[in-house]
Amino acid sequence: VTPSMWMKQQADKSFWGNYDVESIPNPIPDSYFLLKDRMACKRVLNLYEDKTTLLFIAGNLNEERKGSQFIKDIIESDWNSDIQILILGGSTSHLNTSESIINLGFIKDEITIQMAYNAADLVVHPAPIDNLPNTVAESLSCGTPVLAFNTGGLAEMVIPQKSGWLVDKINSKEIIKTLKKVLNSCRSSELRNSTRLFAKELFNEKKIGKKYSNYSIINNKDLLRNK
C-alpha cells in the first residue's frame, strides 16, 4: 500500500510491478479539521494580526530534500512590510532572523502545530521531490492552502484554485515569482473553505479505515482461493 498514486506508479514500474499495489492516503486526525479562530491563533503565537502570514514547517528545515535552499532564498527575498514569516522545524540556524520572522523551532505539541496552520494564510512547501507529505495534508485539513512544486504526489493534494498553487519549474526564481503573484491577488483566503472540504474528503479517518478493511478482505479471499 502506498500513500500516493505517484508512488504506486513508481512501484508498478519496478520489482513491485509483479504484485498488487494499492494507493491509500494516510489519515489525518479529526482534531485538525476543527475550526479555530485565526486571529486568536495569531495572538497566542505572538503574530501580527493585520499581517499576511507565510508558514514553513518541516522536521528538519536544513535538509536539501525539504527544499532548504529554496526556503533560504524565499526568506531572503524582498518582502513588503505587511508580510510575516512563521517557521516551525529543527536546524534553522542557516536562516536569517528579523522582526518579521518568527522562529518557533521544533514543536512536538499538536495543539501548537494546529494553531500555526490556522494562523497562517499560506503554507509554502518547497520540497524538490516528495511523496504525500503529512505537513501538507495537515495544513489542508486546517483549511490553509499550500504553495508547492509540481513534483511527486503533491499534485494529488495541491489542486490549483481549490487547495493551493503548484509551481512547475523547480527553482527559487519561479517559486518566489508565483508566491508574490498569489499574495498580490489575495486569493489564499478565498480557498480556505474549499481546501478544508477537499482535505476532509481525501484524509478522512473513517473512509481510509474502510479502504484498508476492504483491501484486507479482498486479499484474504485471494489467499484462501490460492490455498
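In what follows, the structure referred to is the one given above.
Only a predicted model underlies this, so the values are computations on that prediction, with no experimental measurement involved.

So, the packing of helix 3 (residues 68-75) against helix 6 (residues 172-185)
Alright, step 1. Packing of helix 3 against helix 6 brings their axes to within 10 Å, and their N-to-C directions diverge by 50°. The orientation of helix 3 with respect to helix 6, classified from their angle, is oblique. At the point where helix 3 passes helix 6, the crossing takes the right-handed sense. Contact with helix 3, carried on its side by Phe70, Asp73 and Ile74, involves Ser172, Ile175, Ile176 and Leu179 of helix 6 and no other residues of that element.
Alright, step 2. Looking at side-chain class alone, the contact of helix 3 with helix 6 contains five nonpolar, one polar and one charged residues.

Considerations on the sheet that holds strand 3 (residues 101-105)
Each strand in a sheet pairs with another by means of backbone hydrogen bonds, the pair being arranged parallel or else antiparallel.
Alright, step 1. Sheet architecture is open: six strands sit in the order 3-2-1-4-5-6, paired in parallel fashion. In the strand order of this sheet, the two ends are held by strand 3 and strand 6 (164-167), each with one partner. Across this sheet, the average inter-strand angle for adjacent strands is 20°, counted without regard to direction.
Alright, step 2. When strand 1 (residues 52-60) meets strand 4 (residues 122-125), the two strands line up parallel, connected through two bridges.

Overview of the layout of surface pockets
Alright, step 1. Quantified by volume, the largest pocket comes out at close to 250 Å³.
Alright, step 2. For the lining of the largest pocket, the element with the highest residue contribution is helix 6, accounting for four residues.
Alright, step 3. Here the lining of the largest pocket is built from residues that sort into five nonpolar, five polar and four charged.
Alright, step 4. Of the voids in this model, the second largest pocket is the one considered here, and its volume is about 210 Å³.
Alright, step 5. What lines the second largest pocket is a set of 15 residues, among which Ile57, Ala58, Gly59, Phe106 and Thr135 lie closest to the centre.
Alright, step 6. Breaking the lining of the second largest pocket down by element, the ones donating at least two residues are strand 1, strand 2 (83-90), helix 4 (110-119) and helix 5 (134-141).
Alright, step 7. Tallied by class, residues from the lining of the second largest pocket come to eight nonpolar, five polar and two charged.

So, the pairing of strand 6
Alright, step 1. Across the two faces of strand 6 the burial is the same, with Gly164 and Leu166 and Trp165 and Val167 all buried.
Alright, step 2. Pairing of strand 5 (residues 146-149) with strand 6 involves four bridges; the strand directions are parallel. Bridging from a neighbouring strand, Phe149 pairs with Val167 of strand 6.

About the thresholds
- Residues numbered from 1 in each chain as written.
- Predicted model: local features only at pLDDT ≥ 70, side-chain atom pairs only at ≥ 80, totals over all residues.
- Heavy atoms only, no water.
- Axes fitted to C-alpha atoms, helices over the stretch in contact; angles between N-to-C directions.
- Helix = DSSP H or I, 4+ residues; strand = E, 2+ residues; numbered from the N terminus.
- Parallel < 35°, antiparallel > 145°, perpendicular 65-115°, else oblique.
- Left-handed = near helix turned anticlockwise from the far one by under 90°.
- Contact = heavy atoms within 4.5 Å.
- Nonpolar A, V, L, I, M, F, W, Y, C, P; charged D, E, K, R; others polar.
- Pairing = 2+ DSSP bridges.
- 1 Å grid on protein atoms, 1.4 Å probe; cavity = no way out; pocket = protein on both sides within 12 Å on 5 of 7 lines; lining within 4 Å.
- Points joined across faces, edges and corners; volume = space filled by probe spheres on them.
- Buried < 20%, exposed > 50% of the residue type's maximum accessible area, 1.4 Å probe, protein only.

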